[in-house]
Amino acid sequence: MKRTLLCLTVIALAGACKKDPATTTSPDGAGAGTGTGTSNGDPKTAGTTTTVPQEPDPPAIAEGRQQFMLGNFDKAKELLTPLTADLKSRQQLRASGLSAAWLALSVVDPVAEDAKEPAEYAVAMGEQTGDKELQVVAKLALGAYQLGVDDDKTAAGNFEAAYKLQTDGPNAGLALVLYGEAKVNMAFGGEEKEQLAHPEELDSAASTFIKAQRLAAEKPGNELIAARALTGLASVANYKKSPKEACNNATEAGKIFTAQKAGQPLMERVNAIIDDAKCPKVAS
């Protein structure tokens, strides 16, 4: 199977990520800053304060997250782009950071560079507020951007740090799934990254996907995380020439995505594995 680079989930379509390693940033934002705000929503002003009252997170942020989880990336972008701009203009620190982070995760595929600015802004807001949930999602956003520009090792570090920062948080399962995907990328080398150079990374990825699957099973409402973990396990099995295991996991993932009415991008990635492993295709 010709390997294509990952963007947000395993088996992204060929050419999905526009890459520019020169723009890759180092992981940052793990610390809980003591500042209480920013003067104008610009991460460059980190350390300044604001007296603007902070409002509860608008429900649209949760809706944007859900659209991302469903694989409806265009819908998430359409919702979160104006929302992020509005929250930034009104100096809503946590809310604007969360919105920017989910926006970055939603736009990294097909053009990774589109995720850079919102991801870095989310990291800055995480530092400003010291909010742990925001710091987790900001690390996921920054890691997704890094994964998109082929800085797989740094991305893996951010995903792992995000999980460890809040192992029982609402996004712990997603952190594990993304960490597993980074490990799959790290298994390959060569100029086009299509040669299996570090097979041990596939084993590490598989164990991470299993952990994500088990975590999802413990918490109701995490079916989409379970399906993403199964997609990852199917991909690993396919790379390891275990078609039966690949088919079983991909088929199960497809059933969950269908039941959850997931977006076409997630079904396409499952069906790409099913086609390559030559198993019965799941209806999209």
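Residues numbered from 1 in each chain as written. Predicted model: local features only at pLDDT ≥ 70, side-chain atom pairs only at ≥ 80, totals over all residues. Heavy atoms only, no water.

Enquirer: Describe the overall build of the chain, with residues and values.
Expert: Along the chain, the regular secondary structure elements total eleven helices and two strands. Moving toward the C terminus, one meets the helices and strands of the chain in the order α-α-α-α-α-α-α-β-β-α-α-α-α. Across the 284 residues in the chain, those meeting the buried criterion constitute 55%. (Helix = DSSP H or I, 4+ residues; strand = E, 2+ residues; numbered from the N terminus. Buried < 20%, exposed > 50% of the residue type's maximum accessible area, 1.4 Å probe, protein only.)

Enquirer: Explain unusual backbone geometry to me, and be specific about the residues and the numbers.
Expert: It is generally the case that most residues other than glycine have a negative phi and that most peptide bonds are trans. At the junction of aspartate 109 and proline 110, the peptide bond is cis and its omega measures out at 25° in the coordinates. Within the secondary structure, proline 110 sits in the loop between helix H3 (93–107) and helix H4 (116–129). With phi around 60°, lysine 241 is a residue other than glycine that occupies positive phi space. Given a relative accessible area of 63%, lysine 241 falls into the exposed group.

Enquirer: If you had to explain the packing of helix H1 (residues 59–70) against helix H2 (residues 73–89) to someone new, which residues and values would you point to?
Expert: Axis separation between H1 and H2 bottoms out at 8 Å; the angle between their running directions is 150°. If you check the angle between H1 and H2, you find them roughly antiparallel. In this structure, H1 crosses over H2, and the sense of that crossing is left-handed. Across the interface between the two elements, Ala60, Ile61, Glu63, Gly64, Gln67 and Phe68 from H1 touch Phe73, Lys75, Ala76, Leu79, Leu80, Leu83 and Leu87 from H2. In terms of residue class, the contact of H1 with H2 is made up of nine nonpolar, two polar and two charged. (Axes fitted to C-alpha atoms, helices over the stretch in contact; angles between N-to-C directions. Parallel < 35°, antiparallel > 145°, perpendicular 65-115°, else oblique. Left-handed = near helix turned anticlockwise from the far one by under 90°. Contact = heavy atoms within 4.5 Å. Nonpolar A, V, L, I, M, F, W, Y, C, P; charged D, E, K, R; others polar.)

Enquirer: Tell me what's going on with the environment of alanine 250, and back it up with residues and numbers.
Expert: Its place among the elements puts alanine 250 in helix H10 (residues 243–259). Spatially, the C-alpha atom of alanine 250 lies 9.7 Å from that of methionine 267, the residues being 17 residues apart in sequence.

Enquirer: Go over the state of the cysteines, please, and point to the residues and values.
Expert: Per the counting criterion, the structure on display carries one disulfide. Here cysteine 247 pairs with cysteine 279 through a disulfide, and the sulfurs are 2.2 Å apart. Taking the torsion about the S-S bond as the criterion, the cysteine 247 to cysteine 279 disulfide, at about -95°, is left-handed. Of the two residues, cysteine 247 sits in helix H10 while cysteine 279 sits in the segment after helix H11 (264–277), which places them 32 residues apart along the sequence. Here cysteine 279 falls in the buried class, since its relative accessible area comes to 12%. (Disulfide = S-S within 2.5 Å.)

Enquirer: I'd like to hear about the environment of valine 137, residue by residue, with values.
Expert: Within the element layout of this structure, valine 137 appears in helix H5 (residues 132–148). Sequence separation of valine 137 and alanine 101 is 36 residues, and the distance between their C-alpha atoms is 6.1 Å. Residues contacting valine 137, with those up to four places away along its chain left out, are Leu98, Ala101, Trp102, Leu105 and Asn171.

Enquirer: Describe the packing of H2 against H3, listing the residues and the values that go with them.
Expert: Following both chains from N to C, one finds H2 and H3 inclined at 150°, their axes separated by 8 Å at the closest point. Judged by the inter-axis angle, H2 sits roughly antiparallel to H3. As for how H2 packs across H3, the hand of that crossing is left-handed. Where H2 abuts H3, its residues Phe73, Ala76, Lys77, Leu80, Thr81, Leu83, Thr84, Leu87 and Lys88 lie against Ala95, Ser96, Ser99, Ala100, Trp102, Leu103, Ser106 and Val107. Tallied by class, the residues present in the contact of H2 with H3 amount to ten nonpolar, five polar and two charged.

Enquirer: Give me the packing of aromatic side chains: which residues, what numbers.
Expert: Across all of its chains, the model carries three aromatic pairs by this definition. Taken together, a centroid distance of 5.8 Å and an interplanar angle of 45° make the contact between phenylalanine 68 and phenylalanine 73 tilted. Across the pair, phenylalanine 73 and phenylalanine 68 agree in class, each one buried. Ring plane angle 45° and centroid distance 5.7 Å describe the contact between phenylalanine 68 and tryptophan 102, whose orientation is recorded as tilted. Placement of phenylalanine 68 in helix H1 and of tryptophan 102 in helix H3 is noted, with a sequence separation of 34 residues between them. You'll find phenylalanine 68 and tryptophan 102 in the same group, each marked buried. Three or more aromatic residues joined by ring pairs make a cluster, and in this case those are Phe68, Phe73 and Trp102. Across from the ring centre of tyrosine 121, 4.4 Å away, lies the NZ or CZ of lysine 88, which sits over that ring. Directly above the ring of phenylalanine 68 sits arginine 228, whose terminal nitrogen or CZ lies 5.1 Å from the centroid. (Phe/Tyr/Trp six-rings, centres within 6.5 Å; stacked < 30°, edge-to-face > 60°. Lys NZ or Arg CZ within 6 Å of the ring centre and 35° of its normal.)

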